[in-house]
Amino acid sequence: MGSEMSTNGDVYSYGILLLEMITSKRPTDKMFEADLNLLNFARIALPQRVIEIVDPMLLTEETNDSKMMENLISLIKIGLACSTESPKDRMNINTVLHELHLVKNNISKVSS
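In this text, all values refer to a predicted model and were calculated from it rather than measured experimentally.

Cut-offs and rules
- Residues numbered from 1 in each chain as written.
- Predicted model: local features only at pLDDT ≥ 70, side-chain atom pairs only at ≥ 80, totals over all residues.
- Heavy atoms only, no water.
- Helix = DSSP H or I, 4+ residues; strand = E, 2+ residues; numbered from the N terminus.
- Buried < 20%, exposed > 50% of the residue type's maximum accessible area, 1.4 Å probe, protein only.
- Contact = heavy atoms within 4.5 Å.
- Areas by Shrake-Rupley, 256 points an atom, 1.4 Å probe, with all protein chains shown as cover.
- Phe/Tyr/Trp six-rings, centres within 6.5 Å; stacked < 30°, edge-to-face > 60°.
- Arc of directions from axis to C-beta.
- Polar contact = N/O pair within 3.5 Å; in protein donor to acceptor, adjacent residues only side chain to side chain.
- Salt bridge = Lys/Arg side-chain N within 4 Å of Asp/Glu carboxyl O.

## A closer look at the overall build of the protein
- Across its full length, the protein carries five helices and zero strands.
- Along the chain direction, N to C, the helices and strands of the protein fall in the order α-α-α-α-α.
- Scored against the burial criterion, the 112 residues of the protein give a buried share of 32%.
- Relative to all contacts within the protein whose residues are 6 or more apart in sequence, the contacts with residues 24 or more apart total 55%.
- Split by element, the accessible area of the protein, about 7,700 Å² in all, is 54% carbon and sulfur.

What follows is the structure in structure tokens.
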């Protein structure tokens, strides 16, 4: 958009990619019209309707477990925090890594 390149753009792209992987929807999906876009689609689903937007390939019997749902919600929140419109409001990449490690550790605990 004519701005200088920065890591904030990379963080934005990462957030969009994370949301794409979780929902299996692209920002250019035909379902996104008018005010509905990938970010709003994910935001509207939080937290009660998350199961409705998650790619069915990611769902397992453990997904119904409240801990696994918390992890999915956390991942969507990370994607949204990375993709805020204003670059200065985006999550710092170090914080992203920290949050992802927390999710990973929670998944490891649930899977054990």
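We are not done yet, so read on.
## What about the environment of I44?
- Mapped onto the fold, I44 is located in helix 2 (residues 38–45).
- Apart from residues no more than four positions distant in its own chain, I44 is found in contact with L36 and R49.

## Some points on the packing of aromatic side chains
- In total, this model carries one aromatic pair according to the counting rule given.
- When the centroid spacing of 5.6 Å and the interplanar angle of 70° are considered together, the rings of F32 and F41 count as edge-to-face. Both residues of the pair, F32 and F41, belong to the buried class.

## Regarding helix 2
- Listed in full, the buried residues belonging to helix 2 are L38, L39, F41, A42 and A45. For helix 2, the arc enclosing every buried residue in end-on projection is 165°, short of the 170-degree limit, so these residues lie on one face.
- Measuring from the side-chain oxygen of the N-cap residue of helix 2 to the backbone nitrogen of L39 gives 3.0 Å; that N-cap residue is N37.

## Quick notes on the pattern of salt bridges
- Inspection of every chain in the model, using the stated rule, returns one salt bridge.
- R49 is the salt-bridge partner of E52, the closest N and O atoms lying 3.0 Å from each other.

## What to know about the side chain of T23
- Examined against the element boundaries, T23 turns out to sit in helix 1 (residues 7–23).
- With a relative accessible area of 3%, T23 lands in the buried category.
- Looking at T23, its side chain comes within polar contact range of the main-chain oxygen of L19, at 2.7 Å.
- Once residues lying within four places of it in the same chain are set aside, the contact partners of T23 are L38, F41, I53 and D55.

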